[in-house]
Amino acid sequence: MAEIGVIGSGSWGTALALVLNKNGHHVTIWSYLKEEADEIGEKRENPSKLPGVHIPEEIEITTDLQGSVEGKDVVVLAVPSMATRATAKKMCPYVKEEQILVNVAKGIEEGTLKTLSEQIEEEIPQANVAVLSGPSHAEEVSRELPTTVVVGAETEETAIYLQKIFMNDVFRVYTSPDIKGIELGGSLKNVIALAAGVADGLGYGDNTKAALITRGIAEITRLGIKMGGKLESFTGLTGIGDLIVTCASKHSRNRKAGVLIGEGMTMEEAMAEVKMVVEGVYSAKAARELAEKYEVSMPIVEKVNQVLFEGKPAKDAVSELMMRDGRSEYSNLPWD
Ligand SMILES: NC(=O)C1=CN([C@@H]2O[C@H](COP(=O)(O)OP(=O)(O)OC[C@H]3O[C@@H](n4cnc5c(N)ncnc54)[C@H](O)[C@@H]3O)[C@@H](O)[C@H]2O)C=CC1
Ligand SMILES: O=C(CO)COP(=O)(O)O
């Protein structure tokens, strides 16, 4: 049995706390909001984030960050990406040398273009930072529906340790050394999911969705490989796997926000309506900046930016994507 701190009481932190509790570990969830901690503690449920899911008494809920980090065998970071750096900074004094921190949020920092593990390493240099990602909606994980994810770590030893900590009969965990590829797949898919939602909101069909998923993973892979990620991560659970679930699922926050935008809402109105964190909106600008920096063509990412931030009508964005110059599907494939 391990002592585990989960930093973040949103739907994903809570769902992972349930997995870890089922596996026999002692889990403490840290909540940023006192009202959220009080409500979970009293009702043994997170009604706004995971309605109807019982949170057993053994799981402690607290707003004491020090107590949730100090002395823990593993600390899981599950706060929204825009709060990751600030939260890591606050955690730093309580983290011992080589303590294992697992980031499970998905995002890229605007401006610095750093992944979340890079930000955590900058703020907590003494930590051993790993990541966990894959096609895994909290609503399904918390109901014990079979799910697969990948843990990425600096050493095989850490990855296998974490695999044993998280894995059970309904939560299968693979290991990988490709932290960069895992993080890029998880963050960039959210931007494509917004586009898939927009297509649904415009009333387009399955053909359009399949096109966005396939051309979307081509964009993600082109950039990801140039940035040092491995092809296998983009063709695996943390790439195409996560993109499929996000673009197709009724649980997806990014897809939902896209649907509302496709139906005519502004980005701000859509985010307010979804109520939960819509990471693709925060990663979209960073994705566009990365495409420029690494000189990679990412037309879907570009159109998402124009719709979100420059007032381009969604229908025009789709037409413009369709009417780009004709080209070969894969420009690296020779004809002879
Ligand atoms: N919900 C899901 O199914 C999955 C979510 N993720 C990722 O996990 C991360 C967290 O997402 P969710 O749990 O879904 O979010 P959520 O929308 O369910 O909850 C957000 C939580 O963040 C907390 N919070 C708000 N401002 C904060 C701040 N400044 N500092 C620290 N905490 C703050 C709130 O208390 C709230 O509990 C995101 O990056 C998301 O992409 C990854 C896989 C699955
Ligand atoms: O990353 C996630 C699922 O793997 C959560 O993001 P969405 O809710 O937009 O799908």
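This one's a predicted model, so the numbers in the text were calculated from it and none came from an experiment.

Thresholds, definitions, all that
Residues numbered from 1 in each chain as written. Chains lettered and ligands numbered in written order. Predicted model: local features only at pLDDT ≥ 70, side-chain atom pairs only at ≥ 80, totals over all residues. UniProt positions renumbered as here; feature names shortened; annotations may be inferred. Helix = DSSP H or I, 4+ residues; strand = E, 2+ residues; numbered from the N terminus. Near = placed C-beta within 6 Å. Domains from an automatic or database assignment. Nonpolar A, V, L, I, M, F, W, Y, C, P; charged D, E, K, R; others polar. Buried ≥ 20, exposed ≤ 12 C-beta atoms within 10 Å, placed from the backbone. Core = buried A, V, L, I, M, F, W, Y, C linked by C-beta atoms within 7 Å. Contact = placed C-beta atoms within 7 Å. Pairing = 2+ DSSP bridges. Axes fitted to C-alpha atoms, helices over the stretch in contact; angles between N-to-C directions. Right-handed = clockwise from strand over helix to strand, strands pointing away.

With respect to the UniProt feature "domain: Glycerol-3-phosphate dehydrogenase NAD-dependent C-terminal" (unreviewed entry) in the protein chain
Inference 1: As recorded in UniProt, the feature "domain: Glycerol-3-phosphate dehydrogenase NAD-dependent C-terminal" (unreviewed entry) lies at residues 178-318.
Inference 2: Between the end C-alpha atoms of residues 178-318 the distance is 33 Å, and the span holds 78% helix and 0% strand.

Some thoughts on the site of ligand 2
Inference 1: Close contacts around ligand 2 come from 13 residues, with S136, T246, S252, R253 and N254 the closest.
Inference 2: Breaking the shell around ligand 2 down by element, the ones donating at least two residues are α8 (179-201), α11 (237-248) and α12 (253-262).
Inference 3: Residue contributions to the shell around ligand 2 reach at least three from each of two domains, namely domain 1 (3-177) and domain 2 (180-322).

Side note on the domain arrangement of the protein chain
Inference 1: Segmenting the protein chain into domains produces domain 1 (3-177) and domain 2 (180-322).
Inference 2: Spacing between the C-alpha centres of domain 1 and domain 2 amounts to 24 Å.
Inference 3: At the level of elements, α5 (116-123), β6 (128-133), β7 (147-152) and β8 (171-176) are the ones that each hand at least two residues to the side of domain 1 that touches domain 2.
Inference 4: Considering every element that reaches the side of domain 1 that touches domain 2, the biggest residue donor is β7, with 4 residues.

Regarding the site of ligand 1
Inference 1: Close to ligand 1 lie 27 residues, the nearest being G10, Y32, A83, A105 and M276.
Inference 2: Here the element with the most residues in the shell around ligand 1 is helix α1 (residues 11-22); it accounts for 3 residues.
Inference 3: Its residues assigned to classes, the shell around ligand 1 comprises 12 nonpolar, 11 polar and 4 charged.
Inference 4: Built from parts of two domains, the shell around ligand 1 gets at least three residues from each of domain 1 (3-177) and domain 2 (180-322).

Thoughts on α11
Inference 1: Burial analysis of α11 places 10 of its 12 residues in the buried class, the great majority of the element.
Inference 2: Among the residues making up α11, those that are buried are L237, T238, G239, I240, G241, D242, L243, V245, T246 and C247.

Structural notes on the nonpolar core
Inference 1: With 56 residues, the main nonpolar core has V6, L16, V76, L77, A78 and V102 as its most contacted residues.
Inference 2: At 7 residues, the largest contribution of residues to this core is made by α1.
Inference 3: Contact partners of L16, with chain neighbours within four places excluded, come to V6, V76, A78 and V104.
Inference 4: With 43 residues, the next largest nonpolar core counts I213, V277, L290 and V318 among its residues.

Thoughts on the environment of I240
Inference 1: Structurally, the position occupied by I240 is in helix α11.
Inference 2: Along the primary structure I240 and A218 are separated by 22 residues, whereas in three dimensions their C-alpha atoms are 9.6 Å apart.
Inference 3: Aside from chain neighbours lying at most four places away, what touches I240 is I217, F234 and T235.

Looking at the sheet that holds strand β2 (residues 26-30)
Inference 1: Strand order in the open sheet made by the 8 strands is β3-β2-β1-β4-β5-β6-β7-β8, with mixed pairing throughout. The strands lining the two open edges of the sheet, one partner per strand, are β3 (60-62) and β8. On average, each strand axis in the sheet is tilted by 25° relative to the strand beside it, whichever way the strands run.
Inference 2: Direction of pairing for β7 relative to β8: parallel, over a ladder of 6 bridges. Paired with V151 across the bridge in β8 is T175.
Inference 3: This element, α8, spans β6, β7 and β8 of the sheet and lies at about 45° to β6.

Here we look at the pairing of β7
Inference 1: For β6 and β7, the ladder comprises 3 bridges, and the chain directions are antiparallel. Bridge pairing links L132 to V151 in β7.
Inference 2: Handedness of the β7-helix α7 (residues 156-166)-β8 crossover: right-handed.

So, the pairing of strand β4 (residues 74-77)
Inference 1: Side-chain alternation along β4 places V74 and V76 on one buried face and V75 and L77 on a second face that is also buried.
Inference 2: Two strands pair when backbone bridges link them, and strand β1 (residues 3-7) and β4 are joined in this way by 4 bridges, in the parallel orientation. Counterpart to I4 in the pairing with β4 is V74.
Inference 3: Sheet analysis places β4 next to strand β5 (residues 100-103), joined by 4 bridges and oriented parallel. Looking at the pairing, V75 lines up with L101 of β5.
Inference 4: As for the winding sense of the linkage, the β-α-β connection from β4 through helix α4 (residues 84-91) to β5 is right-handed.

Digging into the UniProt feature "active site" (unreviewed entry) in the protein chain
Inference 1: Mapped onto the present numbering, the UniProt feature "active site" (unreviewed entry) falls at K189.
Inference 2: Within the fold, K189 resides in helix α8.
Inference 3: The residues touching K189, leaving out its near neighbours within four places in the chain, are I220, D242, L243 and T246.

A look at unusual backbone geometry
Inference 1: Phi is positive for L113, close to 60°, though the residue is something other than glycine.
Inference 2: Backbone geometry places E295, a non-glycine residue, at a positive phi of 50°.
Inference 3: Examined against the element boundaries, E295 turns out to sit in the loop between α14 (279-293) and α15 (299-309).
Inference 4: Judged by the 8 C-beta atoms lying within 10 Å of it, E295 falls in the exposed class.

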